[in-house]
Amino acid sequence: MNAPFAPMQAPWTWKSHEIGWSVMGDQTAPTAVLLIHGFGANTNHWRFNQPVLAAQVPTYAIDLLGFGRSDQPQAQLKDEPSTNKSVHYCFDLWAQQVVDFCINVIDRPVVLVGNSIGGVVALRAAQLLKEQSQRIPCEGVVLIDCAQRLMDDKQLATQPAWMAWIRPLLKTLVSQRWLSTALFRNAARPALIRSVLKQAYPSGCNVDDDLIALLLGPSQRNGAAEAFRGFINLFDDHLAPDLLQTLSVPVHLIWGEADPWEPVKEANNWQQEFDCIQSLLVIPRAGHCPHDESPKAINERLLLILNQQAT
């Protein structure tokens, strides 16, 4: 049995790209958990969760392509010519990465846990696993403050009327590499990261130097601005409600009551609308990343869900 608190990893190459990942716990167990980070984060954002979960179940974490220790290839937008060095950053890309990791590395039934955009990736990956592998089923999905993607074209009806007028200009501007790179470099500064975290973590809990460092480090790599450019140009991609509508595996929601970007009201709507959703836990005073801001409550709920899946 592997020591549950000793993270382990071996090289994994996916589509010629090196992928960062880690695992803790007994890798001979019959089921596993895969943790999928949100935008701008990485495997280390599960610092307070992975060791706790690993005491019960082998717990993997993965860096999505473009983030963390994974390669950061050049972004190719939909209307740009493809090259052998560029990728189209999108939810299908990241979900297929997760599916292939589940099949080739985890190699057993898995529960997918995603925060923010990682939640959308988890939902799409659950769909693809059902289509592509009978041997590696997804046994459940946990969404932690799942991204609602309000800037998607399909959400235009929910936006103010003036948004329709400025969207063409907005799309033209953010597609320019010089501008997206400048925006990213301005954001990838310790002071600004700390300021954003104060919004994301309303209680202020666990906004420490380690958190700043784990988010800042990958942003200083040469290709870090490319995934940012790809993501901010995703104006027509998967939305969580569309994915939930067709999903048959159990889904559990965990939400920060004070999330400034993904209102908990929408989580309540999803719970009432979609049959696959089994539970909703709202964390008082917590924001967009309650797994890191209020890890004790999230770990307790995750362990409860895992115990239910095992029975």
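Structure first, text after, so check above.
We now turn to the structure provided with this report. This one's a predicted model, so the numbers in the text were calculated from it and none came from an experiment.

### Quick word on the sheet that holds strand 8 (residues 110-115)
For step 1, the next point in the chain: One open sheet holds the 7 strands; their spatial order is 3-5-4-8-9-10-11, and the pairing between them is mixed. Two strands lie at the open edges of the sheet, namely strand 3 (21-24) and strand 11 (277-283), each paired on one side alone. Each strand of the sheet is rotated relative to its neighbour by a mean of 15°, with strand direction disregarded.
For step 2, the next point in the chain: In the packing of helix 2 (residues 91-106) onto the sheet, the strands contacted are strand 3, strand 4 (32-36), strand 5 (59-62) and strand 8, and the crossing angle to strand 4 comes to about 150°.

### Details of the nonpolar core
One broad trend across soluble globular proteins is that nonpolar side chains are buried collectively.
For step 1, the next point in the chain: The biggest cluster of nonpolar side chains holds 62 residues, and the ones touching the most others in it are Leu34, Trp94, Leu112 and Val141.
For step 2, the next point in the chain: Take this core: its biggest share by element is 10 residues, from helix 2.
For step 3, the next point in the chain: When near neighbours in sequence (up to four residues on either side) are disregarded, Val141 contacts Leu112, Ala122, Leu123, Ala126, Leu247, Val249, Pro250, Val251 and His252.
For step 4, the next point in the chain: The next biggest cluster of nonpolar side chains, apart from the first, holds 19 residues, and it includes Leu35, Val113, Ile298 and Leu303.

### A closer look at the pairing of strand 9 (residues 138-144)
For step 1, the next point in the chain: With 6 of 7 residues buried, strand 9 is to be regarded as a mostly interior element.
For step 2, the next point in the chain: Sheet analysis places strand 8 next to strand 9, joined by 6 bridges and oriented parallel. Each residue of the ladder has a partner; that of Gly114, found in strand 9, is Leu143.
For step 3, the next point in the chain: For the crossover from strand 8 across helix 3 (residues 117-132) to strand 9, the handedness is right-handed.
For step 4, the next point in the chain: Pairing analysis gives 4 bridges linking strand 9 to strand 10 (residues 251-256), with the strands arranged parallel. Opposite Val141, over in strand 10, you have Val251 as the bridge partner.

### What about the packing of helix 2 against helix 3?
For step 1, the next point in the chain: Across the interface, helix 2 lies against helix 3 with an axial gap of 8 Å and an inter-helix angle of 60°. On the basis of their axis angle, the class for helix 2 and helix 3 is oblique. Relative to helix 3, helix 2 is oriented so that their crossing is right-handed. Residues Phe91, Asp92, Trp94, Ala95, Gln96, Val98, Val99, Cys102 and Ile103 of helix 2 touch helix 3, and the partners they reach there are Ile117, Val120, Val121, Arg124, Ala125, Leu128, Leu129 and Gln132.
For step 2, the next point in the chain: When its residues are assigned to classes, the contact of helix 2 with helix 3 shows 13 nonpolar, 2 polar and 2 charged.

### Section: the environment of Phe39
For step 1, the next point in the chain: For Phe39, the position within the fold is in the loop between strand 4 and helix 1 (50-54).
For step 2, the next point in the chain: Along the primary structure Phe39 and Gly66 are separated by 27 residues, whereas in three dimensions their C-alpha atoms are 9.9 Å apart.
For step 3, the next point in the chain: For Phe39, the residues in contact, after removing those within four places along its chain, are Phe67, Ile117, Ala227, Phe228 and Phe231.

### Thoughts on the environment of Asp145
For step 1, the next point in the chain: One can find Asp145 in the loop between strand 9 and helix 4 (161-174).
For step 2, the next point in the chain: Residue classification places Asp145 among the buried residues on the basis of a relative accessible area of 0%.
For step 3, the next point in the chain: Residues Asp145 and Asn115 lie 30 residues apart in sequence; the distance between their C-alpha atoms is 5.9 Å.
For step 4, the next point in the chain: Those residues within four positions of Asp145 in sequence are excluded, and the remaining contacts are Asn115, Ser116, Ile254, Trp255, Gly256, Asp259, Glu262, Gly287, His288 and Pro290.
For step 5, the next point in the chain: A polar contact of 3.1 Å, which involves the side chain of Asp145, links it to the backbone nitrogen of Gly256.

### Some details on the pattern of salt bridges
For step 1, the next point in the chain: Summed over the entire model, instances satisfying the criterion amount to 13 salt bridges.
For step 2, the next point in the chain: One salt bridge in this structure joins Asp236 and Lys154, with 2.9 Å as the shortest N-O distance. Of this pair, Asp236 sits in the loop between helix 8 (224-232) and helix 9 (240-246) while Lys154 sits in the loop between strand 9 and helix 4, and the two are 82 residues apart along the sequence.
For step 3, the next point in the chain: Arg177 serves as the salt-bridge partner of Glu226, at 3.0 Å between the closest nitrogen and oxygen. With Glu226 in helix 8 and Arg177 in helix 5 (residues 177-187), the pair connects residues that are 49 residues apart, well separated along the chain.
For step 4, the next point in the chain: Bridged by salt links that share partners, the residues Arg149, Asp152, Lys154 and Asp236 form one connected network.

### Some details on the pairing of strand 5
For step 1, the next point in the chain: Here strand 5 shows a buried face lined by Thr59 and Ala61 and a second buried face lined by Tyr60 and Ile62.
For step 2, the next point in the chain: Relative to strand 5, strand 3 runs antiparallel, the two being bridged by 4 bridges. Within the sheet, the bridge partner assigned to Trp21 lies in strand 5 and is Ile62.
For step 3, the next point in the chain: For strand 4 and strand 5, the ladder comprises 4 bridges, and the chain directions are parallel. Bridging across to strand 5, Val33 finds its partner in Thr59.

### Quick notes on unusual backbone geometry
For step 1, the next point in the chain: Within the chain, Asp107 stands out as a residue other than glycine whose phi angle is a positive 60°.
For step 2, the next point in the chain: Relative to the elements of secondary structure, Asp107 occurs in the loop between helix 2 and strand 8.
For step 3, the next point in the chain: Judged by its relative accessible area of 41%, Asp107 is partly exposed.
For step 4, the next point in the chain: Despite not being glycine, Asn206 has its phi angle at roughly 65°, a positive value.

Criteria and thresholds
- Residues numbered from 1 in each chain as written.
- Predicted model: local features only at pLDDT ≥ 70, side-chain atom pairs only at ≥ 80, totals over all residues.
- Heavy atoms only, no water.
- Pairing = 2+ DSSP bridges.
- Helix = DSSP H or I, 4+ residues; strand = E, 2+ residues; numbered from the N terminus.
- Axes fitted to C-alpha atoms, helices over the stretch in contact; angles between N-to-C directions.
- Contact = heavy atoms within 4.5 Å.
- Core = buried A, V, L, I, M, F, W, Y, C linked by side-chain atoms within 4.5 Å.
- Buried < 20%, exposed > 50% of the residue type's maximum accessible area, 1.4 Å probe, protein only.
- Right-handed = clockwise from strand over helix to strand, strands pointing away.
- Parallel < 35°, antiparallel > 145°, perpendicular 65-115°, else oblique.
- Left-handed = near helix turned anticlockwise from the far one by under 90°.
- Nonpolar A, V, L, I, M, F, W, Y, C, P; charged D, E, K, R; others polar.
- Polar contact = N/O pair within 3.5 Å; in protein donor to acceptor, adjacent residues only side chain to side chain.
- Salt bridge = Lys/Arg side-chain N within 4 Å of Asp/Glu carboxyl O.

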